[in-house]
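Fold and contact review
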Amino acid sequence: MDSRIWLWVMIICTQIVLIATVTDPNDVAVLSALKSSWKNLPRKWKGSDPCGRKWEGINCTNSRVTTLILAGIGVRTNGIGDIPSLSMLQYLDLSNNKGIRAILPPSIQNLKNLTTLILVGCSFRGPIPDSIGSLKQLVFLGLNNNSFIGSIPPSIGNLTNLSWLDLSQNQLTGSIPVSNATSPGLDNLLKAKHFHLANNRLSGPIPPKLFNSNMSLIHVIVNNNQLSGTIPSTIGTVKTLEVVRLDSNSLSGTVPQNLSDLKSVTELYLSNNKLSGPVPNLLGMSSLFYVDMSNNSFDKSDIPTWFTRLSLNTILMENTQLQGEIPSDVFHPQLESLVLSNNNLNGTLDIGNSYSTNLIVDLKNNSIANFVQNSGYNLSLNIDNNPICEGGSTGRYCTTRKPYVPITLPSNRCPPVKCGSSKVVSPNCKCKIPYTGTVLFYSHSFSNLDNTTYYTTLHNTLMSAFQSIQLPVDSISLSNATLDEYNYLQYRLHIFPSSQDYFNRSSVASIGTVINRQLFPLPFYGPLFFLDENYCCFPENKSSNSGIVIGSVVGGFVILLLIASAVTYGIYQKRQATKAKQNTPFATWGLDNGSEAGDVPQLKEARWCSFEELRRCTDNFSEDNMIGSGGYGKVYKGTLDTGHVVAIKRAQQGSLQGAQQFKNEIEKLSRVHHKNVVALVGFCYEKGEQMLVYEYISNGTLRDNLTGEARIKLDWMKRLKIALDSAKGVTYLHEHADPPILHRDIKSSNILLDDHLTAKVADFGLSKLLGDDSNISTQIQGTIGYMDPEYFETHRVTEKSDVYSFGVVLLELVTARSPIKNGKYIVIEVQDAIDKSGHPNGLYTVLDPALGSFQTLPGLTKFVDLAMSCVEKLGVDRPKMGEVVREIENIIDLAVLSTGGDSSLTFSSQNTGIVGDLYHPYGDSVSDASSLTVPFETELRR
Ligand SMILES: *[C@@H]1O[C@H](CO)[C@@H](O)[C@H](O)[C@H]1NC(C)=O
């Protein structure tokens, strides 16, 4: 062949390869500059293609850097470099690098796609720039434990997607900003669940405007500031609140009575203020466990009735002018701690017989004259400086204290082992180099630190969080539970590596980000943060021979590379420009009354419904018709004028999306037509409302039917059929929908069963058009337990991420258990069961008992094999959905043969007529606490 042709072929091929892997040159430039100016960056940052060569801590989408996680790796620098130029960055975590002594420059505003900014425990200084208010996509902002100064920028109020705001432990001054005619404020953050502003020098009153009933706040944590004035009664309107910490400020006046309306509050801290008036009546706070009101100037009072009427475990009311006798029914079995020192309590102390072991009672400096002593009491009691312990009365309660012995969990059951330097014996008796640090909790709902229930819960939750994204963690241990001066509970945490003796940088960074991002529900504990100790022992990167060879080959193509990247960049720029033009908003359509005017969405079958019609058919959105709810709003059942029974999903204020987005969504949904996919019937966009109208599916979710919360018994053949139906639904989305759709949140509570037990896949709230990179800024979404570990690492969602989630659903069909239960992850449990017996039949240990004996389940082995292939660690090793369908069909054929049946008969619609009321369509099933439906950003969905 002509050599010139060869040359062209070569150039073209090379360009194809380069276009596929080359990183955007601008991003390369930014990272290269970091590499030369920051100390201790990963040694493996080599070459000129961070995306293609997978630099540690970096992930890309379409050749652009979208994730930068460098937590806990010991970076040192005096400036953040040109990070603000990584314009497609979505996730930035630099936490736990004490050596970052930088300011946060105003140019941070260029990170328009940023959803997550975590800078916990660095040495950032200077003010928080006002321009931070331009990061409209931000969901998580964690700037705690730095040295930021100046005031809280009011512009943070513009971050309407924000869920988590943590500015604690800085040196911030000024007042808490609220909105006024000219400026935004924190009261605008209707989606925020967390206000953590503790341990700063904030002053002025807590503005009444900070709170309103449209907010979603669960944690208000502003302790240890210099806030003054009264507690605004508006706080009583935020019914979602669970933790309120206003302690250690200079708050004065009477506590508003409606605080007691907060029925979800579990922990209330008002101590160390100047509060006056009557002791607050907390009778209405029916969820309260922990109350601390010490050191205030309340009016003289007897022991309030709520001491006994609520199920409190901790009552701290030192120095609050309490008087009279302590009723003996205060000492009920739930009580863990009663601290009433420095009051005027008198009479007889009678602690009865039913107090809990390890009870702590501190009554020093009171006027108690008598003690009814039961034999063999087991508590820690302090009644020093009471008449009963004066003048030679030396009952042993006057002197005895039970010493507090901190425990370690799991307890060390290893034979004596001597490990080399830096190594520590893991709970599994191996010598490893652990990653170590302290987990600190802003609040906790208990006070008996000896009770292992609390340790175990934390231990199992952390462990399953690591397992669910398959981090190489062998085991963890928790020790030294202590309370610090601010009453923050803290544990020392050792995390031991599994595959090697040490962690590499990516693992340390991922561990840090998983803990600090706190995506797991954690009973008994409030929000937390994690401060690490410098990890000593990252592996050093040996430069291998192959590296040199590749290096020289690559070197030979440097010129080609430059040309190619210039070309790619040019194309990219042009595409961006075109896209920007296309994105011109469909302005008229977005107008309130404009649904008939302007650029109406092009819909295939779904129709436009009037607000009036939907209002009528749901009886004015009455509670009786509500069949589900979630972060986006509520779902109602109704019957349209046409007679169709439908489920109406109504976005709540704050979850509304832009006109363009909404239009895209309904156009996309209306194109989906398949019998195994829930169909969109219509939509409403009127009067500031956005509603989607779906067909009503009567038999509820697969999850409810598996847990027995619904009434249908699912035998093995029915489960095979459900697996097949839902696999077909997902296959349709991937392979036949136009354009193809990734589901992104496949889980058993998103699979609905109709009258005939036909399974239908629901909730495309997270779906995204394949290859449509306009959705690039979509944050990490999905449900822990179902989430593809590869996706968590790369933030790049593929069809194979859906396959992973689907594999977890298949395992649920076999075991009927939640993906994460009691801290155990289904994938690992099933794998263990198989490994132990060396045969999938070992599964009987995890099999759903309702299925009967495994010998009677034809095809079970193949089914589990299929499920396990779907949850392979690497996407490339997983089958495609089409292959999954074919394999399930094979299994069904086999099963039918072996039962001597006829497949058409087996699946006849015998169940017509059963109508389940338990219906939690479209996920977000709030009732299912065990399923760990973690709102990654689900609150953001719409
Ligand atoms: C430990 O705490 C749990 C949860 O509050 C409680 O149910 C249990 O009774 C406690 N155990 C002891 C020994 O106090």
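Residues numbered from 1 in each chain as written. Predicted model: local features only at pLDDT ≥ 70, side-chain atom pairs only at ≥ 80, totals over all residues. Heavy atoms only, no water.

Under the convention used in this document: UniProt positions are given in the numbering used here, feature names are shortened, and annotations may be inferred rather than shown by experiment.
Looking up the protein in an unreviewed UniProt entry gives the name non-specific serine/threonine protein kinase, with the organism given as Helianthus annuus. The record in UniProt for the protein states the following under Subcellular location (unreviewed entry): "Membrane".

1. Quick look at the state of the cysteines
Selection rule: Disulfide: a pair of cysteine sulfur atoms within 2.5 Å of each other. Working definition: with a 1.4 Å probe on protein chains only, accessible area under 20% of the residue-type maximum means buried, over 50% means exposed, and in between means partly exposed.
Counted according to the given criterion, the structure contains 2 disulfides. Disulfide partner of Cys 51: Cys 60, at an S-S distance of 2.0 Å. With the S-S bond torsion at -85 degrees, the cross-link from Cys 51 to Cys 60 turns out left-handed. Considered together, Cys 51 and Cys 60 belong to a single accessibility category, that of buried residues. With a sulfur-sulfur separation of 1.9 Å, Cys 536 is cross-linked through a disulfide to Cys 537. Of note, the bridge from Cys 536 to Cys 537 carries an S-S torsion of about -95 degrees and is left-handed in sense.

2. Quick notes on the packing of helix 14 (residues 799-815) against helix 16 (residues 860-870)
Note the threshold: In this analysis an axis means a line fitted to C-alpha atoms, helices contributing only their contacting stretch, and an angle means the value between N-to-C directions, from 0 to 180 degrees. Here a strand is any run of E in DSSP of at least two residues, a helix any run of H or I of at least four, and the numbering for each starts at the N terminus. Should an angle fall under 35 degrees it is called roughly parallel, over 145 degrees roughly antiparallel, and 65 to 115 degrees roughly perpendicular, with every other angle called oblique. Crossing handedness: left-handed means the near helix sits turned counterclockwise from the far one by under a right angle, and right-handed means the same turn made clockwise. Contacts are residue-level and defined by heavy atoms, with any inter-residue pair within 4.5 Å sufficient.
In the contact formed by helix 14 and helix 16, the axes pass within 7 Å of each other and the chain directions differ by 150 degrees. Regarding the angle of helix 14 to helix 16, the classification is roughly antiparallel. At the point where helix 14 passes helix 16, the crossing takes the left-handed sense. Packed against helix 14, whose contacting residues are Val 803, Tyr 804, Gly 807, Leu 810, Leu 811, Leu 813 and Val 814, the element helix 16 presents Leu 860, Phe 863, Val 864, Leu 866, Ala 867, Met 868 and Cys 870 at the interface.

3. A short note on the site of the ligand
Inclusion rule: Any residue with a non-hydrogen atom lying within 4 Å of a molecule or strand is treated as near it. Here a polar contact is taken to be a pair of N or O atoms separated by no more than 3.5 Å, where protein atoms must pair a possible hydrogen donor with a possible acceptor and residues adjacent in sequence count only if both atoms sit in side chains. To measure how exposed things are, a 1.4 Å probe is used in the Shrake-Rupley method; for residues, cover is taken only from the protein chains shown.
Around the ligand lies a shell formed by Asn 451, Thr 453 and Tyr 454. Asn 451 has a polar side-chain atom sitting 2.2 Å from an oxygen atom of the ligand. In the complex, 45% of the free accessible area of the ligand, which totals 360 Å², lies under the protein chains.

4. Quick word on the side chain of Thr 731
Here Thr 731 is to be found in helix 12 (residues 716-736). Looking at Thr 731, its side chain comes within polar contact range of the main-chain oxygen of Met 881, at 3.4 Å. Setting aside residues up to four positions removed in sequence, Thr 731 forms contacts with His 736, Met 881, Gly 882 and Val 885.

5. What about helix 10 (residues 659-670)?
Defined as follows: Take the number of residues in a helix, subtract one, and multiply by 1.5 Å to get its expected span.
In this model, helix 10 (12 residues) spans 16 Å end to end at C-alpha, consistent with the 16 Å of a helix rising 1.5 Å per residue. Counting buried residues in helix 10 gives 9 out of 12 residues, a clear majority hidden from the surface. Along helix 10, the residues classified as buried are Ala 659, Phe 662, Lys 663, Glu 665, Ile 666, Glu 667, Lys 668, Leu 669 and Ser 670.

6. A short note on the packing of aromatic side chains
How we decide: In this analysis, rings of Phe, Tyr and Trp, with Trp reduced to its six-membered ring, are considered paired at centre separations within 6.5 Å, and the interplanar angle assigns stacked below 30 degrees, edge-to-face beyond 60, and tilted for intermediate values.
For the structure on display, the rule yields 23 aromatic pairs. Ring centres 5.2 Å apart and planes at 20 degrees place the aromatic pair Trp 45 and Trp 55 in the stacked group. Residue Trp 45 is located in the loop between helix 2 (25-37) and strand 1 (58-61), and its partner Trp 55 is located in the loop between helix 2 and strand 1; the two are separated by 10 residues in the primary sequence. The pair formed by Trp 45 and Trp 55 is uniform in burial state, with each residue classed as buried. An angle of 65 degrees between the planes, with centres 5.3 Å apart, marks the rings of Phe 621 and Tyr 636 as edge-to-face.

7. Focus: the environment of Thr 408
By the element assignment, Thr 408 lies in the loop between strand 24 (379-382) and strand 25 (424-425). Given a relative accessible area of 41%, Thr 408 falls into the partly exposed group. With 72 residues separating them in the primary sequence, Thr 408 and Asn 480 have C-alpha atoms 6.7 Å apart.

8. Here we look at helix 14
The end-to-end C-alpha separation of helix 14 is 25 Å, in line with the 24 Å expected for 17 residues at 1.5 Å each. Most of helix 14 is tucked away, with 16 of its 17 residues classed as buried. Capping the start of helix 14 is the job of one residue whose side-chain oxygen sits 3.0 Å from the backbone nitrogen of Lys 800: Thr 798. One or two positions beyond helix 14, positive phi appears at Ala 816, with a value near 60 degrees.

9. Concerning the sheet that holds strand 29 (residues 489-497)
Put simply, the rule is: Each pair of strands is called paired provided DSSP finds at least two bridges between the two strands.
In spatial order, the strands read 28-29-27-30; together these 4 strands make up an open sheet with antiparallel pairing. One side of each edge strand has no neighbouring strand; the edge strands of this open sheet are strand 28 (473-483) and strand 30 (528-532). Taking each pair of neighbouring strands and ignoring which way they run, the sheet shows an average axis angle of 25 degrees. The pairing of strand 28 with strand 29 spans 8 bridges and is classified as antiparallel. Within the sheet, the bridge partner assigned to Thr 482 lies in strand 29 and is Gln 490. In the packing of helix 4 (residues 452-468) onto the sheet, the strands contacted are strand 27 (435-441), strand 28 and strand 29, and the crossing angle to strand 28 comes to about 145 degrees. Docked against the sheet, helix 5 (residues 505-517) engages strand 27, strand 28, strand 29 and strand 30, running at close to 155 degrees with respect to strand 30.

10. Side note on the confidence of the model for the protein
For clarity, the cut-off: The pLDDT score gives, residue by residue, the confidence of the prediction method on a 0 to 100 scale.
Taken residue by residue, the protein gives an average pLDDT of 80. The fraction at 70 or more is 78%. Across residues 765-779, confidence stays below pLDDT 50; counting only partners more than four residues off in sequence or on other chains, it has 49 contacts.

11. Quick look at unusual backbone geometry
In this model, Ser 248 sits at a positive phi of 55 degrees, which is unusual for a non-glycine residue. Within the secondary structure, Ser 248 sits in the loop between strand 13 (243-245) and strand 14 (250-254). Located in the positive-phi region is Asn 272, a residue other than glycine, with phi close to 55 degrees.

12. Comments concerning the sheet that holds strand 23 (residues 367-372)
Paired through their backbone hydrogen bonds, the strands of a sheet run either parallel or antiparallel. On the basis of which strands lie adjacent, the open sheet formed by 3 strands has the order 19-21-23 and parallel pairing. Each edge of the sheet is formed by a strand with only one pairing partner; in this case those strands are strand 19 (323-324) and strand 23.

13. Thoughts on the pattern of salt bridges
Spelled out, the test is: Any Lys or Arg side-chain nitrogen found within 4 Å of a carboxyl oxygen on Asp or Glu counts as a salt bridge.
Under the defined criterion, the tally for this structure stands at 17 salt bridges. A salt bridge links Arg 492 to Glu 533; the nearest nitrogen and oxygen atoms lie 2.6 Å apart. Placement of the pair is Arg 492 in strand 29 and Glu 533 in the loop between strand 30 and helix 6 (545-556), with a sequence separation of 41 residues. Exposure remark for Arg 492: the relative accessible area of 28% places this residue in the partly exposed category. Linking Lys 721 and Asp 725 is a salt bridge whose minimum nitrogen-to-oxygen distance equals 3.2 Å.

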